[in-house]
Amino acid sequence: MALLPSRERSLARKDAPVLPLSRSFRMPPVTPAADLARPSVLGALRSPRVLTREVLAGLVVALALIPEAISFSIIAGVDPQVGLFSSFIMAVSIAVLGGRPAMISAATGAVALVIAPVARDYGLDYFFATVILAGILQVALAMLGVARLMRFIPRSVMVGFVNSLAILIFLAQLPHLVGVPWLVYPLTAAGILILVLLPRVTRVVPAPLVAIVLLTTLTVSASIAVPTVGDQGELPSSLPEFFLPQVPLTWDTVAKIGPYALAMALVGLLESLMTAKLVDDNTDTPSRKTREAWGQGVSNVLSGLFGGMGGCAMIGQTMINVKASGARTRISTFLAGVFLLILVVVLGDVVGIIPMAALVAVMIMVSVGTFDWHSVRWSTLRRMPKSETTVLVVTVAVVVATNNLAVGVIAGVLTAMVAFVRRVAHFATVARSLRTEDGEPVAHYTVDGELFFASSNDLTTQFSYSEDPERVVIDMSRSHIWDASTVAALDAITWKYAQHGKRAEITGLNEASTRMHERLAGRLGGAA
């Protein structure tokens, strides 16, 4: 496995929890078995057990991708093969190009919702051109360092993202449980039972695969008439072909598809980077976010060139791969794409008879496993600050209401920003004292705290302009100027003292504050 860059190693050491060690405690030696938690591709190829796990995980994910890809194609208003081909191309390419091993990328509902109007209003050529342009924009954003913005997403937003995702996964299964033959319910219950009990007995074979095979065998052998994968849409019978969209290369074309391409690029990157962070936390392994960002872009370009609808990371299938099946390498992601193509093109008739109840059971258990139940316990909510709970609730509510993870995350981040600004706005204080210097009375003010637009707005109200003597000293040695709003507030203070025939001196500015004050003071068009 490749070593982390020095900066990431230092961050890892910094963030690692410090545990008290007893004198009798000894670190266990690193063994090959212990190292299997984070195997490399080469390590997996050398280990039959790990390789088997990766192969079976890829097969399970491929089976779960088929109905999802068909559904998202319908949402986007295109033929089912567009979503299936896109899922194949995205999975295979991101397995090589991406920065998060074992994460699954394919056609997604969020992307389908964003670009659906293009297919409806302008046709398929413009639709594929939009996917290609979105991929190019993602590569550009990755080169500009958009992945580094992940550090500004608070934990409450991340928890809200995970919980809302679990809710969406569950809600997406309800259409398959409403208005269906009654035998669907015992089949789904049986699938859930297998998924719960089998891992307690053995993990050699992924429980989702066992559930799918057993339920399919049961429905076929007993001739049970229930909805199947084949009922979701027609499966393709040929391989994807290279395709260049026939659109004029003009600014008018850019004006038509540009807004949709930009929205798709942002939604795709946000969901992919959030999912990568979630997998990092679940596997205790790092990922390269910038590589993942441009890998998503290249994969979308390839998807558009082969008649696909693009996509991004799929949290549900990723959780099947990582949590339910225990996959950890790029092999599972690559094989998920390969198996998907084989299943729909070569074994379409076999895949078509898989009961939807089996896949619904798998996704329900993924939903249950994804939800952060600790975050909604009363003991947790009682201890959490109200602002943190508000951020979590807003994130979940917006995601569920809009059915869009990206919109919910943005709403959560904005709520967290407002809550943070409200808290720190009250940290700046002003203390007044009267002194005598060289026989002259002096009003001495000490400003303490970080000064920016929120905390400096009330700064002008904390001075006694009419009562102070002719000389006033404002000591800024315990504060810092962060923006032009603070400089404008200081200008207003000195101007008000001047209106009263008094002289205000600002002292103690640190180097950065001095540079900003000298550059902006008297030039902001304030009270003067």
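Since we're looking at a predicted model, the values are computed, not measured.

Engineer: Quick question: what am I supposed to make of helix α14 (residues 330-346) here?
Structural biologist: Note on helix geometry: an α-helix contains 3.6 residues per turn, so any two residues three or four positions apart are oriented the same way. With 17 residues, α14 should reach 24 Å at 1.5 Å per residue; the first-to-last C-alpha distance of 24 Å fits that figure. Among the residues making up α14, those that are buried are Arg330, Ile331, Ser332, Thr333, Leu335, Ala336, Gly337, Leu340, Leu341, Leu343 and Val344. Those residues of α14 that are buried lie in contact with α3 (41-46), α4 (48-76), α5 (80-97), α12 (289-305), α13 (315-324) and α15 (348-352). Capping of α14 at its N-terminal end is provided by Thr329; its side-chain oxygen lies 3.1 Å from the backbone amide nitrogen of Ile331.

Engineer: It is not clear to me how the nonpolar core should be interpreted in this structure. Could you clarify?
Structural biologist: Grouped together as the largest cluster of nonpolar side chains are 102 residues, with contacts concentrated most on Ile66 and Phe127. With 12 residues, α4 is the largest single contributor of residues to this core. Membership of the second largest hydrophobic core comes to 19 residues, among which are Ala443, Val447, Ile481 and Val487.

Engineer: Quick question: what am I supposed to make of the pattern of salt bridges here?
Structural biologist: As a working rule, side chains carrying opposite charge can pair if their charged atoms are close by. Counted by the stated rule, this structure contains 12 salt bridges. As a salt-bridge pair, Arg120 and Asp121 come within 3.4 Å of each other at their nearest N and O atoms. In this structure, Lys256 engages Asp252 in a salt bridge whose closest nitrogen and oxygen atoms are separated by 3.6 Å. In this pair, Lys256 and Asp252 both sit in helix α11 (residues 251-283), 4 residues apart, roughly one turn of the helix. A relative accessible area of 48% means that Asp252 is categorised as partly exposed.

Engineer: Explanation requested: the pairing of strand β6 (residues 503-507) in the structure shown.
Structural biologist: Residues in a regular strand project their side chains so that they alternate between the two faces of the sheet. Pairing of strand β5 (residues 471-481) with β6 involves 5 bridges; the strand directions are parallel. Each bridged residue has a counterpart across the sheet, and for Val472 the counterpart in β6 is Ala504. Between the parallel pair β5 and β6, the chain is carried across by helix α21 (residues 484-499), and the sense of this crossover is right-handed.

Engineer: Teacher, can you tell me more about α5 here?
Structural biologist: In this model, α5 (18 residues) spans 26 Å end to end at C-alpha, consistent with the 26 Å of a helix rising 1.5 Å per residue. Among the 18 residues of α5, 15 are classified as buried, and the element is accordingly described as predominantly covered. With a side-chain oxygen positioned 3.1 Å from the backbone nitrogen of Gln81, the residue opening α5 is Asp79.

Engineer: Before we go on, may I ask you to explain the confidence of the model for the chain in this structure?
Structural biologist: Do not read the fine detail of predicted coordinates wherever pLDDT is low. Residue-level pLDDT values for the chain average 86, and 92% of them are 70 or greater. Here residues 1-37 is a poorly scored stretch, pLDDT under 50, and it has 10 contacts once near neighbours within four places are set aside; other chains count.

Engineer: Could you clarify how one ought to interpret the side chain of His444 in this entry?
Structural biologist: With respect to the helices and strands, the residue His444 is situated in strand β4 (residues 440-451). By relative accessible area, which is 10% here, His444 ends up buried. There is a polar contact of 3.5 Å between the side chain of His444 and the side chain of Arg435. With near-sequence residues (within four places) excluded, His444 lies in contact with Ala431, Arg432, Ser433, Arg435, Val473 and Asp475.

Here is what the cut-offs are and how they apply
Residues numbered from 1 in each chain as written. Predicted model: local features only at pLDDT ≥ 70, side-chain atom pairs only at ≥ 80, totals over all residues. Heavy atoms only, no water. Helix = DSSP H or I, 4+ residues; strand = E, 2+ residues; numbered from the N terminus. Expected span 1.5 Å × (residues − 1). Buried < 20%, exposed > 50% of the residue type's maximum accessible area, 1.4 Å probe, protein only. Contact = heavy atoms within 4.5 Å. Polar contact = N/O pair within 3.5 Å; in protein donor to acceptor, adjacent residues only side chain to side chain. Core = buried A, V, L, I, M, F, W, Y, C linked by side-chain atoms within 4.5 Å. Salt bridge = Lys/Arg side-chain N within 4 Å of Asp/Glu carboxyl O. Pairing = 2+ DSSP bridges. Right-handed = clockwise from strand over helix to strand, strands pointing away. pLDDT = per-residue confidence, 0-100.

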